[in-house]
Amino acid sequence: MPESDISGVQDVTSPRVVAENLTKVFVTKRNAFGLPARRLTAVRGVSFELRQGEIYALVGGSGSGKSTVARLLTRLEKSDTGRVLVNGTDWTLLRRSALQKQRRAMQMVFQNPYASLDPTSMVVHLVGEPMIIHEKLARRDLDARVRALLDDVGLPSDSLHKYPHEFSGGQRQRLAIARALAADPDVIIADEAVSALDVSSQAKVLNLLLRLRRERSLTILFITHDLGVVRQVADRIGVLSEGELVEEAQADALFDEPTHEYTRTLLRSVPIMGRWR
Ligand SMILES: Nc1ncnc2c1ncn2[C@@H]1O[C@H](COP(=O)(O)OP(=O)(O)OP(=O)(O)O)[C@@H](O)[C@H]1O
């Protein structure tokens, strides 16, 4: 029996997430009979894997299919072809209730935390909800756990009874990250998670993600149109163009020797800067 079966611990060399041949076609227009009149292939035959503890950046211009890939991975959207393995389980085969149980493992952080965080909910509920759902945690134990999480993401732990509008943009993104962490995920998908922030807040949130990856051995899929941001954090980079993964490489190699013309075009729009990690 392999060692991982005895300990119950995942083999750390195995991929956390495998995306295999994902395709998504949207119907963008219907005729008078409600039948599809126009289709758009947003994602075509995309395959990649997220390895345990790595930060993988998926980059591409507007409309290249980045968010659709994220929605296919998390099964917010059903793919037309392909499968998604998370910790070895094929999520495309799961029924709704089984998927609900598995969802804990892969959490999303979105670009606009104000839109993704219910403005009428207090922090204790926003951040604590995943613990109640996934762990059936009693309310009375909630405060301490939420305080600890706030502390972990660098927010004042006495913010339990505040509302999202009482925080700055960068702080709201920390709240969104705390909420994602509350589910104790193996994987975080950060979809343009720092794009709306000013440069200094961006750097702080990126540093937070790097620290969380180190401390919690998190696997992170970092989605962005901004290759400049990616250079600071990514281990590997995949480049999406018109729904296709046209290039994939170690971050340094991609910056030093891009092979695809589309990657070179993206690189030309990146200001020259030093690495700071
Ligand atoms: N539900 C949908 N119905 C129809 N078309 C869609 C739908 N969702 C996305 N699309 C289209 O699919 C393509 C890819 O969209 P997607 O949002 O994945 O791109 P993106 O790379 O994340 O872009 P951006 O950076 O601008 O958010 C776009 O042309 C978009 O208009």
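Residues numbered from 1 in each chain as written. Predicted model: local features only at pLDDT ≥ 70, side-chain atom pairs only at ≥ 80, totals over all residues. Heavy atoms only, no water.

Under the annotation held in an unreviewed UniProt entry, the chain carries the name Peptide/nickel transport system ATP-binding protein and is attributed to Tamaricihabitans halophyticus. Taken verbatim from the UniProt record of the chain, the Sequence similarities (unreviewed entry) comment is "Belongs to the ABC transporter superfamily." (UniProt positions renumbered as here; feature names shortened; annotations may be inferred.)

## Here's the deal with the overall build of the chain
Counting secondary structure elements, the chain contains 11 helices and 10 strands. For 277 residues, the compact-globule estimate of 2.2 N^0.38 gives 19 Å, and the C-alpha radius of gyration of the chain, at 19 Å, lies within 12% of that figure. A total of about 13900 Å² of accessible surface is found on the chain, and carbon and sulfur atoms cover 49% of it. Taking the average location of the 38 positive side-chain charges in the chain and that of its 34 negative ones, the two points are 6 Å from each other. (Helix = DSSP H or I, 4+ residues; strand = E, 2+ residues; numbered from the N terminus. Rg over C-alpha atoms; globule rule 2.2 N^0.38 Å. Areas by Shrake-Rupley, 256 points an atom, 1.4 Å probe, with all protein chains shown as cover. Lys, Arg positive; Asp, Glu negative; His and termini not counted. Charge placed at Lys NZ, Arg CZ, Asp CG, Glu CD.)

## Some points on unusual backbone geometry
Not every positive phi belongs to a glycine, and Asn87 is a case in point at roughly 50°. The residue Asn87 is located in the loop between β4 (81–86) and β5 (89–90) in this model. Of note in the backbone geometry, Glu192 takes a positive phi value of approximately 50° without being a glycine. You can call Glu192 buried: its relative accessible area is 10%. (Buried < 20%, exposed > 50% of the residue type's maximum accessible area, 1.4 Å probe, protein only.)

## Digging into the environment of Pro156
Relative to the helices and strands, Pro156 is located in the loop between α6 (139–152) and α7 (169–182). Take Pro156: its relative accessible area is 38%, and that puts it in the partly exposed class.

## Examining the confidence of the model for the chain
Looking at the chain as a whole, its pLDDT mean stands at 88, while 92% of the residues score no less than 70. Mean pLDDT across the secondary structure elements of the chain bottoms out at helix α1 (residues 3–7), with 36, and peaks at strand β9 (residues 236–241), with 97. Low pLDDT, under 50, characterises residues 1–12; the stretch is placed with 7 contacts to residues that sit more than four places away or in other chains. In the predicted assembly, ipTM is 0.97 and pTM is 0.89. (pLDDT = per-residue confidence, 0-100. Contact = heavy atoms within 4.5 Å.)

## A few points about the layout of surface pockets
Put simply, the largest pocket is a space of about 550 Å³. Along the wall of the largest pocket there are 18 residues; nearest its centre are Arg103, Gln107, Met108, His134 and Arg179. For the lining of the largest pocket, the secondary-structure elements that each account for two or more residues are β6 (106–109), α5 (123–135) and α7. Of the residues assigned to the lining of the largest pocket, the class counts are 10 nonpolar, 5 polar and 3 charged. A volume near 170 Å³ is recorded for the second largest pocket. Surrounding the second largest pocket, Arg75, Lys78, Trp91, Thr92, Leu94, Arg95, Arg96, Leu99 and Arg103 form its lining. Broken down by class, the residue content of the lining of the second largest pocket amounts to 3 nonpolar, 1 polar and 5 charged. (1 Å grid on protein atoms, 1.4 Å probe; cavity = no way out; pocket = protein on both sides within 12 Å on 5 of 7 lines; lining within 4 Å. Points joined across faces, edges and corners; volume = space filled by probe spheres on them. Nonpolar A, V, L, I, M, F, W, Y, C, P; charged D, E, K, R; others polar.)

## Overview of the packing of aromatic side chains
Here a ring pair, both rings aromatic, is described through the centre-centre distance and the interplanar angle of the planes. Throughout the structure, instances matching the rule amount to 1 aromatic pair. Between Phe48 and Tyr56, the ring centres sit 5.2 Å apart and the planes meet at 20°, which makes this aromatic pair stacked. Here Phe48 and Tyr56 have matching classes, each one buried. Against the face of Phe167 rests Lys162, its NZ or CZ located 5.8 Å from the ring centre. (Phe/Tyr/Trp six-rings, centres within 6.5 Å; stacked < 30°, edge-to-face > 60°. Lys NZ or Arg CZ within 6 Å of the ring centre and 35° of its normal.)

## Structural notes on the sheet that holds strand β8 (residues 219–224)
Here we have 6 strands laid out as an open sheet, ordered β6-β7-β8-β3-β9-β10, and mixed in their pairing. Looking at strand neighbours, the two that pair on one side only are β6 and β10 (244–250), the edges of this open sheet. Within this sheet the neighbouring strands show an average axis-to-axis angle of 20°, counted without direction. Here β9 pairs with β10 via 6 bridges, running antiparallel. Residue pairing across strands places Arg236 opposite Gln250, the latter belonging to β10. (Pairing = 2+ DSSP bridges. Axes fitted to C-alpha atoms, helices over the stretch in contact; angles between N-to-C directions.)

## With respect to the nonpolar core
Judged by nonpolar contacts, the single largest core of 55 residues is most densely connected at Ile177, Phe222, Leu227 and Ile237. Sorting elements by how many residues they give to this core places α7 first, with 7 residues. In this structure, Ile177 is in contact with Val109, Val153, Val205, Leu208, Leu209 and Leu212, ignoring residues within four places of it in sequence. By size, the runner-up hydrophobic cluster in this structure holds 26 residues, among which are Val17, Ala70, Leu72 and Met106. (Core = buried A, V, L, I, M, F, W, Y, C linked by side-chain atoms within 4.5 Å.)

## Observations concerning the site of the ligand
Taken together, Phe26, Leu40, Ala42, Gly61, Ser62, Gly63, Ser64, Gly65, Lys66, Ser67, Thr68 and Glu192 make up the full set of residues adjacent to the ligand. Gly65 is positioned such that a nitrogen or oxygen atom in its backbone is 3.0 Å from an oxygen atom of the ligand. Starting from 630 Å² of accessible surface for the ligand in isolation, the protein chains cover 60%. Of all the secondary structure elements, the ones that give two or more residues to the shell around the ligand are β2 (36–51) and α2 (66–73). Ranked by residues supplied to the shell around the ligand, first place goes to α2 with 3 residues. Looking at side-chain class alone, the shell around the ligand contains 3 nonpolar, 7 polar and 2 charged residues. (Near = heavy atom within 4 Å. Polar contact = N/O pair within 3.5 Å; in protein donor to acceptor, adjacent residues only side chain to side chain.)

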